[in-house]
Structures are given as C-alpha cells and as structure tokens.
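Architecture at a glance
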Amino acid sequence: MQETSRFRFDEAAHQWFYVDGDAQWRSLPTGRNTSCPCDSGLKAKRCCARD
Ligand SMILES: [Zn+2]
C-alpha cells in the first residue's frame, strides 16, 4: 500500500482529477488558479498542482 495524493492536475487536459474510492480518476470542475480541492486554502498551483 502506498499513500499518494488523491488529487492531481492534468496539464494536457487543464483539468483536475481526483481518485474516488474505487481508484478511478474523475474530473473536478476547477482550474489550477482556483482553490485547491484538498481544502488546504492555497491556490491549486501552490499546492497539489505545483510542479
Ligand atoms: Zn492541495
């Protein structure tokens, strides 16, 4: 078992994806300039979407 981020930003699609309980990637209706979906309070590009 390994703990990985449940969120990632697909640069090609310019779209967020998250992993649901079945480990399937699903899209999120947010961009990297909006708040990160992990509730850190940071902009996505400063958090899970950072390079
Ligand atoms: Zn984050």
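Structure shown above.
Residues numbered from 1 in each chain as written. Predicted model: local features only at pLDDT ≥ 70, side-chain atom pairs only at ≥ 80, totals over all residues. Heavy atoms only, no water.

**Looking at the overall build of the chain**
A count of helical and extended segments in the chain gives 0 helices and 3 strands. In sequence order, the chain lays out its α and β elements as β-β-β. Within the chain, buried positions represent 25% of all 51 residues. For the chain, contacts bridging at least 24 residues in sequence account for 11% of all contacts bridging at least 6. About 4,000 Å² of surface is accessible on the chain, with carbon and sulfur atoms providing 45% of the total. (Helix = DSSP H or I, 4+ residues; strand = E, 2+ residues; numbered from the N terminus. Buried < 20%, exposed > 50% of the residue type's maximum accessible area, 1.4 Å probe, protein only. Contact = heavy atoms within 4.5 Å. Areas by Shrake-Rupley, 256 points an atom, 1.4 Å probe, with all protein chains shown as cover.)

**Section: the packing of aromatic side chains**
Summed over the entire model, instances satisfying the criterion amount to 2 aromatic pairs. Measuring from centroid to centroid gives 6.4 Å for phenylalanine 7 and tyrosine 18, while their planes differ by 40°, and the two rings are tilted. Here the residue phenylalanine 7 occupies a position in strand β1 (residues 7-10), and tyrosine 18 occupies one in strand β2 (residues 15-19), the gap between them amounting to 11 residues. The side chain of arginine 8 reaches across the aromatic face of tryptophan 25, ending 4.8 Å from its centre. (Phe/Tyr/Trp six-rings, centres within 6.5 Å; stacked < 30°, edge-to-face > 60°. Lys NZ or Arg CZ within 6 Å of the ring centre and 35° of its normal.)

**Brief notes about the sheet that holds β2**
Pairing in this open sheet of 3 strands is antiparallel, and the strands run β1-β2-β3 from one edge to the other. Looking at which strands have only one partner, the edges of the open sheet turn out to be β1 and β3 (25-28). Taken pair by pair, the neighbouring strands of this sheet meet at an average axis angle of 35°, ignoring direction. (Pairing = 2+ DSSP bridges. Axes fitted to C-alpha atoms, helices over the stretch in contact; angles between N-to-C directions.)

**Quick word on unusual backbone geometry**
If you check the backbone angles, aspartate 39 has positive phi at about 65° while not being a glycine. Among the structural elements, aspartate 39 can be located in the segment after β3. Here aspartate 39 falls in the exposed class, since its relative accessible area comes to 71%.

**Things to note about the environment of phenylalanine 7**
Taking relative accessible area as the criterion, phenylalanine 7 reaches 17% and is therefore assigned buried. Among residues more than four places away in sequence, those in contact with phenylalanine 7 are Trp16, Phe17, Tyr18, Trp25, Leu28, Pro37 and Cys38.

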